[in-house]
Amino acid sequence: MTDILVLNGPNLNLLGSREPDHYGRDTLESINTRLQALAKAGGVSIEFFQSNAEHELVTRVQKAMQDKVAFIVINPAGFTHTSVALRDALAATGIPFIEVHLSNIHAREAFRKHSYFSDLARGVISGLGATGYELALQAAIQQIKAQGK
Ligand code: DQA
């Protein structure tokens, strides 16, 4: 059983070299290593999944329901602004989630201001770089513990 699933969408496998002015210099691997340590310290189990393919993310969210995942931290990346399918998958599972963006999506192009996820999310963190994932994980751990798990 996994308590927390961290999902990352398209192009986030390129973190470290991808548009560092927007996304910073941390690689996804280094971010996940820090999250793994935080999860361990918080006494929860954690899994990571990144895909560039919408259907793989949808399938992974569906699997999370079977696996009884308690909480999801997700950066849907470009799918934030396009994917009804990924939104529907999260809605179908009912698993609480926090939406994370490295950059401040409200301070960029107009098309990034709309998210298909924010109204369903427990919370949204945008613009704090890699720290956003750590804050989201802390909040997820708190909420899991508050539910007595
Ligand atoms: C992003 C913001 C999105 O607009 C963009 O398409 C991404 C990354 C972020 O983390 O800031 O790929 O989700």
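If you're wondering where the values come from, they're calculated on a predicted model, not measured in any experiment. (Residues numbered from 1 in each chain as written. Predicted model: local features only at pLDDT ≥ 70, side-chain atom pairs only at ≥ 80, totals over all residues. Heavy atoms only, no water.)

Engineer: It is not clear to me how the overall build of the protein chain should be interpreted in this structure. Could you clarify?
Structural biologist: Helix and strand content of the protein chain: 5 helices and 5 strands. Here the C-alpha atoms of the protein chain give a radius of gyration of 14 Å, agreeing with the 15 Å that 2.2 N^0.38 yields for 149 residues. The principal-axis extent of the C-alpha atoms belonging to the protein chain is close to 40 × 30 × 25 Å. Counting only residues that meet the buried cut, the protein chain has 48% of its 149 residues in that class. The contacts in the protein chain between residues at least 6 apart in sequence include a share of 77% that link residues at least 24 apart. Looking at the protein chain as shown, the accessible area adds up to about 7200 Å², and 52% of this sits on carbon and sulfur atoms. (Helix = DSSP H or I, 4+ residues; strand = E, 2+ residues; numbered from the N terminus. Rg over C-alpha atoms; globule rule 2.2 N^0.38 Å. Buried < 20%, exposed > 50% of the residue type's maximum accessible area, 1.4 Å probe, protein only. Contact = heavy atoms within 4.5 Å. Areas by Shrake-Rupley, 256 points an atom, 1.4 Å probe, with all protein chains shown as cover.)

Engineer: Quick question: what am I supposed to make of the site of the ligand here?
Structural biologist: Lining the immediate surroundings of the ligand are R18, Y23, N75, A77, G78, H81, H101, L102, S103, I105 and R112. In the model, an oxygen atom of the ligand is placed 2.7 Å from a nitrogen or oxygen of the H81 side chain. Separating an oxygen atom of the ligand from a side-chain N or O atom of S103 is a distance of 2.6 Å. Coverage of the ligand by the protein chains reaches 97% of its 330 Å² of free accessible surface. Residue classes in the shell around the ligand are distributed as 4 nonpolar, 5 polar and 2 charged. (Near = heavy atom within 4 Å. Polar contact = N/O pair within 3.5 Å; in protein donor to acceptor, adjacent residues only side chain to side chain. Nonpolar A, V, L, I, M, F, W, Y, C, P; charged D, E, K, R; others polar.)

Engineer: Can you walk me through the environment of E134 in this structure?
Structural biologist: In this structure, E134 sits in helix 5 (residues 131–146). When the C-alpha positions of E134 and Q36 are compared, they lie 9.9 Å apart, and in sequence the two are 98 residues distant.

Engineer: In this structure, what is going on with helix 2 (residues 28–42)? I would like to understand it.
Structural biologist: Since the α-helix advances by 3.6 residues per turn, residues separated by three or four positions end up pointing in the same direction. Between the first and last C-alpha of helix 2 there are 21 Å, a value that for 15 residues agrees with the 21 Å anticipated at 1.5 Å per step. Among all positions in helix 2, only L28, I31, N32, L35, A39 and G42 are buried. Around the axis of helix 2, the buried residues are gathered within 95° of arc, so they sit on the same side. Exposed residues lying more than 90 degrees from the buried face of helix 2 are E29, T33, K40 and A41. Contacts from the buried residues of helix 2 go to strand 1 (4–8), strand 2 (46–50) and helix 5. Of the residues flanking the end of helix 2, it is G43, one or two places downstream, whose phi is positive at about 75°. (Expected span 1.5 Å × (residues − 1). Arc of directions from axis to C-beta.)

Engineer: Quick question: what am I supposed to make of the packing of helix 2 against helix 5 here?
Structural biologist: Across the interface, helix 2 lies against helix 5 with an axial gap of 10 Å and an inter-helix angle of 25°. Taken together, the axes of helix 2 and helix 5 are roughly parallel relative to one another. Here helix 2 and helix 5 pass one another in a crossing that is right-handed. Mapping the contact onto sequence places I31, R34, L35, L38, A39 and G42 in helix 2 and Y133, E134, L137, I141 and K145 in helix 5. Its residues assigned to classes, the contact of helix 2 with helix 5 shows 7 nonpolar, 1 polar and 3 charged. (Axes fitted to C-alpha atoms, helices over the stretch in contact; angles between N-to-C directions. Parallel < 35°, antiparallel > 145°, perpendicular 65-115°, else oblique. Left-handed = near helix turned anticlockwise from the far one by under 90°.)

Engineer: It is not clear to me how the sheet that holds strand 2 should be interpreted in this structure. Could you clarify?
Structural biologist: Sheets are built from strands paired through backbone hydrogen bonds, the pairs being either parallel or antiparallel. Strand order in this open sheet of 5 strands is 2-1-3-4-5, and the pairing throughout is parallel. Either end of the sheet is taken by a strand with one partner, and the two such strands are strand 2 and strand 5 (123–126). Each neighbouring strand pair of the sheet contributes to a mean axis angle of 15°, computed without reference to strand direction. Bridge analysis of strand 1 against strand 2 gives 5 bridges, and the strand direction is parallel. Its bridge partner lying in strand 2, N8 is registered against Q50. (Pairing = 2+ DSSP bridges.)

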